[in-house]
Amino acid sequence: MTGGDRIAAVLARHGVRFVFTLCGGHISPILVGAKRLGIRVVDVRHEVDAVFAADAVARLSGVPGVAAVTAGPGATNTITAVKNAQLAQSPVVVLGGAAATLLKGRGALQDIDQMALMRPHVKWSAAARHVGELAPLLTRAFAEARAGVPGPVFLECPVDLLYEEQLVRQMYGAGAGGGGGIAGWAMRTYLRRHVDRLFRDVRRESSGGAGGPAAAPLAPLAPIPHPVPSPPQDHAAAAATARRLRRCRRPVLVVGSQAMLAATLGGETAAAEPAAASPDSAAAAESGGAAVDAALARAAELARAVAALGMPVYLAGGARGLLGAAHPLQRRHRRKEALREADLVLLAGIPCDFRLDYGRHIGRQAELVMVNRSAAELRQSRRPDLGVHADPGRFLCDLAGVAAGSGEAGWGGWEEWQAALRARDAEREEEIARQAAADPPDGFLNPLHLCREIDRLLAPESLLVADGGDFVATASYTVRPRGPLCWLDPGVFGTLGVGGGFALGAKLCRPQADVWILYGDGSAAYSLAEFDTFARHGLPVVAVVGNDAGWTQIAREQVEIFGDEVATVLARTDYHRVAAGYGGQGLLLERRQDVGPVLAEALRIARSGSPVLVNAQIGKTAFRKGSISM
């Protein structure tokens with residue numbers, strides 16, 4: 001048995017189906033051990049995409065996504081994705097290789113203080129000091145990632161804990177022969193004792209065994225996953241919110257990404273009960289697939305609860321699609337106006353950050369009810385009239401139960417308010433339709449028309465990955481996710497570059513779904529190399545690049561303020577040729593009349609088994625003028 005085998009056994013026990021990685025000698029035993037247990041090892045072209053892919057798996061299944069990266073630059077390359085997962089409250093486990101325990105600080109290859117780098121950006125971190133710590137620490141890491149406010153965790157795994165004992169002794173020269181006098185003898189004794197300490201628990205496990213460490217069963221080496229308690233629910237707060245709803249006339253509900261944790265993480269549970277008895281590949285695969293299905297089922301339950309409340313609702317971030325494409329209660333436009341006019345605002349899983357202008361979007365006369373797993377976010381920027389420290393998704397289900405118990409369907413008295421908001425939405429949709437019908441003055445494609453055509457082609461199981469600025473934000477107005485857990489965006493960090501990794505994790509979790517990446521031409525370059533990964537691993541996704549040859553979201557304001565477009569100009573690069581060079585297929589889209597046929601051809605190619613990229617030559621518009629946030 002190697003330390004890598006021990007880590008793999010823990011992963012299997014927790015229902016992990018995929019390990020995302022970029023290979024390195026520091027972590028090879030983890031990858032080989034994972035493959036031996038039937039866990040799919042997916043090698044990417046940049047470590048940041050390994051963590052983005054793990055993040056997507058976590059968001060869609062609730063099972064923490066796992067990335068294994070080599071020491072030094074392998075770890076530093078992940079930091080943007082790790083921070084993105086922290087701010088998005090996504091449970092991710094990062095396994096980092098490291099220099100040998102005795103060589104730290106002595107000039108070893110790729111040796112840096114990784115703990116100091118990672119500690120500020122993760123929920124929990126630890127460095128194993130001997131082989132016997134690997135499994136217990138990793139088991140705790142999984143629990144920490146899912147508990148309370150979820151987030152990324154980091155476990156440092158020094159290289160001399162991962163390889164078999166005899167090889168480690170050879171690495172240190174601890175088994176060398178004579179020579180070197182007293183000093184040589186003393187050094188060999190010191191090294192031998194150090195290796196003895198590294199493997200002391202292995203020796204205890206194998207003592208009395210006929211076959212030695214290699215014959216030891218896997219199950220004892222992987223502790224049973226720790227139960228993860230759900231945040232306590234506040235039934236009294238649900239009743240108090242119900243009383244407020246009964247007397248209000250203009251309520252608004254905003255559901256944020258955190259509310260979806262009720263679907264993906266579920267209730268109090270070990271991470272993967274079906275795999276707990278035996279860490280074999282069949283149990284892990286069954287558990288992982290069941291986790292995705294269970295998450296979708298719980299999301300449907302949450303959607304029914306939100307619908308039962310009868311309030312006008314705006315969906316933000318990962319909650320997009322919760323109510324489907326065209327639910328009569330969902331409002332899509334002019335949220336700021338609605339919040340300013342409301343007399344009660346319920347924020348479920350979204351804080352008063354820049355997205356709500358730090359709470360200033362909400363009128364001072366409104367009663368503000370906030371529900372959040374994070375006590376800090378309940379106090380951020382603006383204090384609520386009622387702050388509820390609980391899981392927002394479960395709270396909404398509780399609140400719907402109060403409504404059902406009182407016999408009040410939709411509470412009543414909101415018809416005039418609902419009609420006013422519906423009318424505003426319809427007016428805005430008509431305005432967008434008129435704008436989509438016009439051709440931009442520069443003669444290129446209208447991005448609004450392109451996005452509406454993408455929306456028209458979406459199948460019920462489609463999953464959308466949003467990676468970009470201006471083009472993707474335009475899509476958020478016009479492309480409607482067809483169901484819950486069908487929209488992945490970076491979250492509050494606003495990170496560019498999530499596209500390749502997110503799509504990789506999404507397609508692995510939901511192989512039957514059409515997975516679309518909506519790229520801006522600026523963001524596409526960050527992860528375009530993952531087309532190589534899609535092709536090698538047989539993962540057919542559809543990418544659409546809105547190519548307007550610039551960082552338009554920045555340029556629009558910069559040019560107006562400073563009269564200078566410096567650093568915002570790109571070329572109309574042949575991204576479709578790049579995708580083809582990486583083993584996928586590419587299509588060029590230039591004419592309005594070709595939009596529908598080319599997109600349909602892209603879908604056909606993907607459904608036949610090949611990843612495909614559509615390079616759509618869009619024009620610059622003023623649709624999102626004045627949209628920059630700070």
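Every value quoted in this text rests on a predicted model; they were computed, and no experiment measured them.

## Considering the overall build of the protein chain
Summing up its helical and strand segments, the protein chain has 25 helices and 17 strands in all. Relative to its length of 630 residues, the protein chain is compact, with a C-alpha radius of gyration of 26 Å against a globular reference of 25 Å. With respect to the three principal axes, the spread of C-alpha positions in the protein chain is 90 × 60 × 45 Å. Counting the 630 residues in the protein chain, one finds 59% classified as buried. Across the protein chain, every contact between residues at least 6 apart in sequence was considered, and the portion connecting residues at least 24 apart equals 76%. Total accessible area computed for the protein chain in this model is approximately 23,900 Å², and 54% of it derives from carbon and sulfur atoms.

## Here's the deal with unusual backbone geometry
The phi dihedral of Tyr358 falls on the positive side, at around 60 degrees, and the residue is not glycine. Along the chain, Tyr358 turns up in the loop between strand S9 (344-348) and strand S10 (367-372).

## Some points on the pairing of strand S14 (residues 515-520)
Burial analysis of S14 places six of its six residues in the buried class, which makes it a mostly covered element. Side chains Val515, Ile517 and Tyr519 project from S14 onto one buried face, and the interleaved Trp516, Leu518 and Gly520 project onto a second face that is buried too. Looking at chain direction, strand S12 (residues 463-467) and S14 are connected through five bridges and run parallel. Pairing of Leu464 across the sheet is with Trp516, part of S14.

## Let's talk about the environment of Arg592
By the element assignment, Arg592 lies in the loop between strand S16 (585-589) and helix H25 (595-607). The spacing of Arg592 and Leu450 is 142 residues in sequence and 8.3 Å in space, taken between C-alpha atoms. Those residues within four positions of Arg592 in sequence are excluded, and the remaining contacts are Ala436, Ala437, Ala438, Asp439, Leu445, Asn446 and His449.

## Quick look at the state of the cysteines
By the definition in use, this model includes zero disulfides. Not engaged in a disulfide, the cysteine Cys23 finds its nearest cysteine sulfur in Cys157; these two sulfurs lie 17 Å apart. We classify Cys23 as exposed; its relative accessible area is 59%.

## Regarding the pattern of salt bridges
If you walk through the whole model with that rule in mind, you get 31 salt bridges. In this structure, the salt-bridge partner of Asp55 is Arg59, at a minimum N-O distance of 2.7 Å. Here Asp55 pairs with Arg59, and both are found in helix H3 (residues 47-61), just four residues apart, close to one helical turn. Across the salt bridge formed by Arg334 and Glu427, the nearest N and O atoms sit 3.3 Å from each other. Of the two residues, Arg334 sits in the loop between strand S8 (313-315) and helix H14 (335-341) while Glu427 sits in helix H17 (residues 415-437), which places them 93 residues apart along the sequence.

## What to know about the sheet that holds S10
Judged by pairing direction, the sheet is parallel, and its five strands sit side by side in the order S8-S7-S9-S10-S11 without closing on themselves. The open sheet has two edge strands, S8 and strand S11 (386-389), and neither has a second partner. Adjacent strand axes in the sheet meet at a mean angle of 10 degrees, parallel and antiparallel pairs treated alike. Sheet topology places strand S7 (residues 251-255) next to S8; three bridges connect them, and they run parallel. If you follow Leu253 over to S8, its bridge partner there is Val313. Contacting S7, S9, S10 and S11, helix H11 (residues 235-247) runs over the sheet at an angle of about 145 degrees to S11.

## Details of the pairing of strand S2 (residues 40-43)
Pairing geometry for strand S1 (residues 18-22) and S2, over four bridges, is parallel. The residue bridging Phe20 from the neighbouring strand is Val42, located in S2.

## Some thoughts on the side chain of Asn446
Positionally, Asn446 belongs in the loop between H17 and helix H18 (447-457). At 2.7 Å, the side chain of Asn446 and the backbone oxygen of Gln435 are in polar contact. Excluding its chain neighbours within four sequence positions, the residues that come into contact with Asn446 are Gln435, Ala436, Ala438, Pro440 and Arg592.

## Regarding the environment of Arg422
Note that Arg422 resides in helix H17. A relative accessible area of 41% places Arg422 in the partly exposed class. For the pair Arg422 and Leu329, spaced 93 residues apart in the sequence, the C-alpha separation amounts to 8.7 Å.

## Remarks on the side chain of Gln330
Within the secondary structure, Gln330 is located in the loop between S8 and H14. Those residues in contact with Gln330 that lie beyond four places of it in its chain are Val313, Leu315, Leu323, Gly324 and Asp425.

## Concerning the packing of H3 against helix H5 (residues 79-88)
In contact at an axis separation of 8 Å, H3 and H5 are set at 25 degrees when each is read in the N-to-C sense. Relative to H5, the element H3 lies roughly parallel. Residues Val48, Val51, Phe52, Asp55 and Arg59 of H3 lie in contact with H5, whose contacting residues are Thr80, Ala81, Val82, Asn84, Ala85 and Ala88. Along the lines of polarity and charge, the residues of the contact of H3 with H5 split into seven nonpolar, two polar and two charged.

Each value, and the rule that gives it
Residues numbered from 1 in each chain as written. Predicted model: local features only at pLDDT ≥ 70, side-chain atom pairs only at ≥ 80, totals over all residues. Heavy atoms only, no water. Helix = DSSP H or I, 4+ residues; strand = E, 2+ residues; numbered from the N terminus. Rg over C-alpha atoms; globule rule 2.2 N^0.38 Å. Buried < 20%, exposed > 50% of the residue type's maximum accessible area, 1.4 Å probe, protein only. Contact = heavy atoms within 4.5 Å. Areas by Shrake-Rupley, 256 points an atom, 1.4 Å probe, with all protein chains shown as cover. Pairing = 2+ DSSP bridges. Disulfide = S-S within 2.5 Å. Salt bridge = Lys/Arg side-chain N within 4 Å of Asp/Glu carboxyl O. Axes fitted to C-alpha atoms, helices over the stretch in contact; angles between N-to-C directions. Polar contact = N/O pair within 3.5 Å; in protein donor to acceptor, adjacent residues only side chain to side chain. Parallel < 35°, antiparallel > 145°, perpendicular 65-115°, else oblique. Nonpolar A, V, L, I, M, F, W, Y, C, P; charged D, E, K, R; others polar.

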